[in-house]
Amino acid sequence: LNDSTASVTRRAQPEFDRDVPLRNGVSDSAGLLAGLMQLGVKCPVHVESFTRRFMIKTTDEAIAEHKAAMDLCFDAAEIRTLPQDLIGTQPHINDPHSPPGWDEKMQAELAQYRSRHGLNKNASPTAAAS
């Protein structure tokens, strides 16, 4: 996930100038995640930011900013409702070969992560950012 440059049209976006999700409000990362979540897609997600402003940050600062952006993006996606005609009615099967109990294990790990980091599933995106 990333966000595009606000001062450039979508067609003229530079190849390697992207920031963390929701930073500029150009790319709808939360909408993308909401769609994937409503479809039931379960897969790894990461930030692909290509911006020079991270060159002057320490590793810890850069990681903290990326984590905060991802937390905010996931929180915004969880409370977002997309129209059914956008989602469709086709059933989604994540991985027909996933081992028994996999979904339950992933839900338990998500709950542990949220608990460890003080994240409330019902929190608003602005509350998560403060």
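Right above here is the structure, for reference.
These figures come from a predicted structure and were not determined experimentally.

(A) Spotlight on the pattern of salt bridges. Overall, the coordinates contain eleven salt bridges when judged by the stated rule. When the shortest N-O distance is used, the salt bridge between R23 and D19 registers 3.4 Å. R23 gets classed as partly exposed once you look at its relative accessible area, which sits at 46%. Taking the shortest distance from any N to any O, the salt bridge between E78 and R114 comes out at 2.7 Å. Residue E78 is found in helix α2 (residues 59–79), and its partner R114 is found in helix α4 (residues 102–116); the two are separated by 36 residues along the sequence. The network of salt bridges with common partners includes D19, R23, R53, K57 and E65.

(B) Broad picture of the side chain of R114. By relative accessible area, R114 is classed as buried at 10%. A polar side-chain atom of R114 sits 2.7 Å from a polar atom in the side chain of E78.

(C) Inspection of unusual backbone geometry at higher detail. One non-glycine residue, L22, adopts positive backbone phi at about 70°. Tracing the chain through its elements places L22 in the segment before α1 (29–39). Taking the relative accessible area as the measure of exposure, L22 reaches 30% and is therefore partly exposed.

(D) Quick peek at the packing of α1 against α2. Closest axis-to-axis distance for the α1/α2 pair is 8 Å, and the angle between their directions is 55°. In terms of their interaxial angle, α1 and α2 are classed as oblique. Every pair of crossing elements has a handedness; the one defined by α1 and α2 is right-handed. Contacts from S29, A30, L33, A34 and M37 in α1 reach C73, F74, A76, A77 and E78 in α2.

(E) Quick look at α1. Regarding α1, the residues found buried are S29, A30, G31, L33, A34 and G35. Directly beyond the C-terminal end of α1, a positive phi value near 90° is found at G40.

(F) Highlighting the nonpolar core. With 15 residues, the main nonpolar core has L1, V20, L33 and C73 as its most contacted residues. Ranked by residue count, the leading element in this core is α2, at six residues. Those residues in contact with L33 that lie beyond four places of it in its chain are L1, V45, C73, F74 and A77.

(G) Examining the packing of aromatic side chains more closely. Evaluated as defined, the whole model comprises zero aromatic pairs. One residue, R53, lies across the ring of F54, its end atom 4.5 Å from the ring centre.

(H) Here's a closer look at the side chain of E65. When you line up the elements, E65 lands in helix α2. Of note is the side chain of E65, whose polar atom sits 3.1 Å from the side chain of K57. In contact with E65, not counting residues within four places along its chain, are D19, V20, R23, R53, F54 and K57.

The rules behind each value
Residues numbered from 1 in each chain as written. Predicted model: local features only at pLDDT ≥ 70, side-chain atom pairs only at ≥ 80, totals over all residues. Heavy atoms only, no water. Salt bridge = Lys/Arg side-chain N within 4 Å of Asp/Glu carboxyl O. Buried < 20%, exposed > 50% of the residue type's maximum accessible area, 1.4 Å probe, protein only. Helix = DSSP H or I, 4+ residues; strand = E, 2+ residues; numbered from the N terminus. Polar contact = N/O pair within 3.5 Å; in protein donor to acceptor, adjacent residues only side chain to side chain. Axes fitted to C-alpha atoms, helices over the stretch in contact; angles between N-to-C directions. Parallel < 35°, antiparallel > 145°, perpendicular 65-115°, else oblique. Left-handed = near helix turned anticlockwise from the far one by under 90°. Contact = heavy atoms within 4.5 Å. Core = buried A, V, L, I, M, F, W, Y, C linked by side-chain atoms within 4.5 Å. Phe/Tyr/Trp six-rings, centres within 6.5 Å; stacked < 30°, edge-to-face > 60°. Lys NZ or Arg CZ within 6 Å of the ring centre and 35° of its normal.

No statement about biological role is implied by the geometric values presented.
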